[in-house]
Amino acid sequence: MAFSELIEQAGGAGLFQILLLLTFILPCFMVSFHTLLENFSAAVPGHRCWTQLLDNGSAVPANMTPDALLTISIPPGPNWEPHQCRRFRQPQWQLLDPNTTASSWSEADTEPCVDGWVYDRSTFTSTIVMKWDLVCGSQGLKPLSQSIFMSGILVGSFIWGLLSHWLGRKPMLSWCCLQTALAGTGTTFAPTLLIYCSLRFVTAFGIAGIFLSALVLMVEWTTTSRSAVTLTVLACSFSAGQAALGGVAFALRDWQTLQLAVSVPFFAIFLISWWLPESARWLIIKGKPDQALQELRKVARINGHKEAKNLTIEVLMSSMEEEVASAKKPQSGLDLFRVPVLRRRSCPVLVVRMTADGLMQMVGRLGGMMGPLILMSRQALPLLPPLVYGIISIASSLVVLIFLPETRGLPLPDTIQDLESQKSTAAQGNRQEAVTVESTWF
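Conventions we followed
- Residues numbered from 1 in each chain as written.
- Predicted model: local features only at pLDDT ≥ 70, side-chain atom pairs only at ≥ 80, totals over all residues.
- Heavy atoms only, no water.
- Helix = DSSP H or I, 4+ residues; strand = E, 2+ residues; numbered from the N terminus.
- Buried < 20%, exposed > 50% of the residue type's maximum accessible area, 1.4 Å probe, protein only.
- Areas by Shrake-Rupley, 256 points an atom, 1.4 Å probe, with all protein chains shown as cover.
- Disulfide = S-S within 2.5 Å.
- Core = buried A, V, L, I, M, F, W, Y, C linked by side-chain atoms within 4.5 Å.
- Contact = heavy atoms within 4.5 Å.
- Phe/Tyr/Trp six-rings, centres within 6.5 Å; stacked < 30°, edge-to-face > 60°.
- Lys NZ or Arg CZ within 6 Å of the ring centre and 35° of its normal.
- Arc of directions from axis to C-beta.
- Axes fitted to C-alpha atoms, helices over the stretch in contact; angles between N-to-C directions.
- Parallel < 35°, antiparallel > 145°, perpendicular 65-115°, else oblique.
- Left-handed = near helix turned anticlockwise from the far one by under 90°.
- Nonpolar A, V, L, I, M, F, W, Y, C, P; charged D, E, K, R; others polar.
- UniProt positions renumbered as here; feature names shortened; annotations may be inferred.
- Salt bridge = Lys/Arg side-chain N within 4 Å of Asp/Glu carboxyl O.
- pLDDT = per-residue confidence, 0-100.
- Patch = residues over 30% accessible without salt bridge, like charges linked within 9 Å, V, L, I, M, F, W, Y side chains within 5 Å.

Participant: Sorry, what's going on with the overall build of the protein here?
Facilitator: A count of helical and extended segments in the protein gives 21 helices and four strands. Expressed as a percentage of its 442 residues, the buried residues of the protein come to 42%. For the protein, the accessible area works out to roughly 22600 Å², and carbon and sulfur atoms hold 64% of it.

Participant: Got a minute to help me understand the state of the cysteines in this structure?
Facilitator: By definition, a disulfide links two cysteine residues through a covalent bond between their sulfur atoms. Scanning all chains against the criterion turns up two disulfides. In this model, Cys-85 is linked to Cys-136 through a disulfide, with the two sulfur atoms separated by 2.0 Å. Negative torsions about the S-S bond denote left-handed disulfides, and the value of about -95 degrees found for Cys-85 with Cys-136 makes this one left-handed. Pair noted here: Cys-85 is in the loop between helix H5 (66-73) and strand E2 (86-88) and Cys-136 is in the loop between helix H6 (128-132) and helix H7 (141-167), with a separation of 51 residues, a long-range link. Accessibility expressed as a relative area gives 24% for Cys-85, which makes it partly exposed.

Participant: Got a minute to help me understand the nonpolar core in this structure?
Facilitator: Side chains that are nonpolar tend, in soluble globular proteins, to be buried together. Judged by nonpolar contacts, the single largest core of 55 residues is most densely connected at Phe-24, Trp-221 and Leu-316. Beyond its immediate chain neighbours, meaning those up to four positions away, Trp-221 contacts Ile-7, Phe-16, Gln-17, Leu-20, Pro-277, Glu-278, Ser-279, Ala-280, Glu-295, Leu-296 and Val-299.

Participant: What should I look at first to understand the packing of aromatic side chains in this one?
Facilitator: Each aromatic ring pair is characterised by the separation of its centres together with the angle its planes make. All chains considered together, the criterion is met by ten aromatic pairs. Three or more aromatic residues joined by ring pairs form one cluster here, namely Phe-16, Trp-221 and Trp-275. Of note, Arg-253 hangs over the ring of Phe-250, and the distance from its end group to the ring centre comes to 4.4 Å.

Participant: Please clarify how H5 should be interpreted in this entry.
Facilitator: Structurally, the α-helix is built with 3.6 residues per turn, so residues lying three or four positions apart point the same way. If you check which residues of H5 are buried, you get Ala-68, Leu-69, Ile-72 and Ser-73. Viewed end-on, H5 has its buried residues packed into an arc of 125 degrees, placing them on one side of the element. Every exposed residue of H5 that faces more than 90 degrees away from the buried side is listed here: Pro-66 and Asp-67.

Participant: How do you make sense of unusual backbone geometry when you look at a structure like this?
Facilitator: One can expect most non-glycine residues to show negative phi and most peptide bonds to be in trans. At Asp-133, a residue that is not glycine, the phi angle is positive and equals roughly 50 degrees. For Asp-133, the position within the fold is in the loop between H6 and H7. Overall, the relative accessible area of 25% leaves Asp-133 in the partly exposed class. Even without being a glycine, Cys-136 presents a positive backbone phi close to 55 degrees. Judged by its relative accessible area of 14%, Cys-136 is buried.

Participant: Could you clarify how one ought to interpret the packing of helix H2 (residues 15-36) against helix H12 (residues 265-272) in this entry?
Facilitator: Helix packing geometry: the angle between the two helix axes and the distance between the axes. Contact pair H2 / H12: the axes reach a minimum separation of 11 Å and the direction vectors enclose 150 degrees. By the angle between their axes, H2 is roughly antiparallel relative to H12. Relative to H12, the crossing made by H2 is left-handed. Of H12, the residues touching H2 (which contributes Thr-23, Leu-26, Pro-27, Met-30, Val-31 and His-34) are Pro-265, Phe-266, Ile-269 and Ile-272. For the contact of H2 with H12, the residue count by class is eight nonpolar, two polar and no charged.

Participant: Help me understand the UniProt feature "transmembrane region" (unreviewed entry) in the protein, please; the structure alone is not making it clear to me.
Facilitator: On the UniProt side, "transmembrane region" (unreviewed entry) is annotated at positions that read residues 12-33, 148-168, 175-195, 201-219, 231-252, 258-276 and 387-404 here. Between the first and last C-alpha atoms of residues 148-168 the distance is 27 Å; the span itself is 95% helix and 0% strand.

Participant: What am I meant to see in the pattern of salt bridges here?
Facilitator: Per the counting criterion, the structure on display carries seven salt bridges. For the salt bridge of Glu-38 with Arg-200, the shortest nitrogen-to-oxygen distance reads 3.5 Å. Taken as a pair, Glu-38 in helix H3 (residues 38-41) and Arg-200 in helix H9 (residues 193-220) lie far apart in primary sequence, 162 residues in all. Like Arg-200, Glu-38 is buried. Glu-111 is the partner of Arg-87 in a salt bridge, and the nearest nitrogen-oxygen pair spans 2.9 Å. With Arg-87 in strand E2 and Glu-111 in strand E3 (residues 110-112), this pair connects stretches of sequence that are 24 residues apart. Glu-111 gets classed as buried once you look at its relative accessible area, which sits at 14%. Through salt bridges with shared partners, a single ionic network connects Arg-87, Arg-89, Glu-111 and Asp-115.

Participant: What is the right way to read the confidence of the model for the protein from this model?
Facilitator: Predicted confidence across the protein gives a mean pLDDT of 79, with 76% of residues reaching 70 or more. Taking the mean pLDDT of every element in the protein, the minimum, 52, falls on helix H18 (residues 340-349) and the maximum, 95, on helix H11 (residues 255-263). Note that pLDDT drops below 50 for residues 433-442; the model gives that stretch zero contacts with residues more than four away or on any other chain.

Participant: Is there a simple way to think about the packing of H9 against helix H10 (residues 224-251) in this case?
Facilitator: Between H9 and H10, whose axes approach to 10 Å, the crossing angle comes to 155 degrees. It follows that H9 is roughly antiparallel to H10 by the angle criterion. H10 is crossed by H9, and the crossing has right-handed handedness. Note on element contacts: H10 touches H9 through Thr-230, Leu-231, Leu-234 and Phe-238, opposite Phe-211, Leu-215, Met-218 and Val-219. By residue class, the composition of the contact of H9 with H10 is seven nonpolar, one polar and no charged.

Participant: It is not clear to me how a nonpolar patch on the surface should be interpreted in this structure. Could you clarify?
Facilitator: Residues Leu-15, Ile-18, Leu-19, Leu-22, Leu-26, Ile-272 and Trp-275 make up a contiguous nonpolar surface patch of roughly 590 Å² in combined accessible area. Note on placement: Trp-275 falls in the loop between H12 and helix H13 (280-285).

Listed below in structure tokens is the structure:
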């Protein structure tokens with residue numbers, strides 16, 4: 001808990017925290033673009049089979065209208081619109097007779113779209129569905145690509161949580177920005193669907209690290225009283241990015257242009273990330289108090305706080321003595337389930353900080369990865385997707401309401417010991433309240 005006091009001595013909430021928040025708004029805004037990108041880049045346009053009469057100009061009879069050619073070339077679909085996945089083997093001239101009936105042709109007269117598809121390009125000039133014909137028999141590959149993207153966030157949340165704990169928050173943030181920029185830009189030029197999905201996985205892997213590192217750095221450089229506000233602002237910037245993506249996609253209707261537009265800015269974010277300081281708390285725990293002191297004094301200087309002269313290595317080590325001792329003990333992600341108070345808090349959110357945050361993000365992305373796959377089942381079981389989505393949401397709300405404690409105005413615990421003492425303090429408070437009520441009643 002003592003690190004929050006060091007932040008106060010470095011100026012608490014000042015110009016540095018404002019600059020830090022403004023810096024993180026941009027990556028959080030841009031990250032949301034990639035999350036929902038395939039709603040536009042993988043949109044399914046209207047389509048039908050390519051046919052000789054309709055699409056080969058030299059074979060079109062001069063006295064035939066487009067509607068008549070469509071009638072004799074494409075059978076009607078389930079909703080009596082032109083079928084999207086089948087065509088007639090031979091032109092059905094008898095269908096031009098106004099007295100013809102539906103029994104004048106059979107399924108045997110049709111065949112799949114062996115020569116490809118013709119797409120409606122009035123809304124989107126190009127999508128990955130058009131590029132790789134992800135329709136009809138291949139329509140299941142479209143949600144699969146989104147599931148692969150979400151699996152990249154799933155794996156990245158866990159890996160970056162561990163690496164940030166071992167190697168630091170800032171290096172991971174900078175690397176993830178560069179990785180997202182390179183992989184996202186490379187996706188634009190993917191020659192095959194396999195390469196496209198692979199690069200989307202790498203992009204998602206980097207996005208997980210950006211979001212994770214940005215949130216943790218923001219929390220570790222913010223006072224307890226302001227952390228809720230700053231995290232709310234970052235969450236709002238993420239939501240604003242989701243809303244803005246519709247406007248960007250409206251202006252850029254080619255999927256490759258759209259992909260470039262949401263990826264290239266990460267090169268700039270990579271360069272901006274170099275001014276960020278490393279987490280002083282992490283530096284102290286990792287046995288680098290000299291660097292931690294430099295970072296704290298730099299923050300105090302930006303905040304115009306003169307009391308930073310009182311900050312020394314001795315003050316840092318004495319203030320963080322408990323946290324440093326706790327960090328030297330062997331810990332792992334299993335502590336989230338081994339310690340009772342952590343187990344009760346972790347399970348509902350599926351809420352050691354980078355490891356825990358990485359695990360929470362990972363489990364959240366597991367749901368995101370399964371979402372498109374569950375949606376695929378609606379062809380066989382139409383009610384299954386809404387039932388699954390609704391029941392899980394309601395159950396999660398109840399579990400959070402019952403098991404998670406209120407944290408408003410409370411300092412964030414830094415160690416497992418902090419959690420246990422927080423639990424003991426709460427228990428004592430409850431007992432005191434019970435005694436007071438009993439005495440009053442008596």
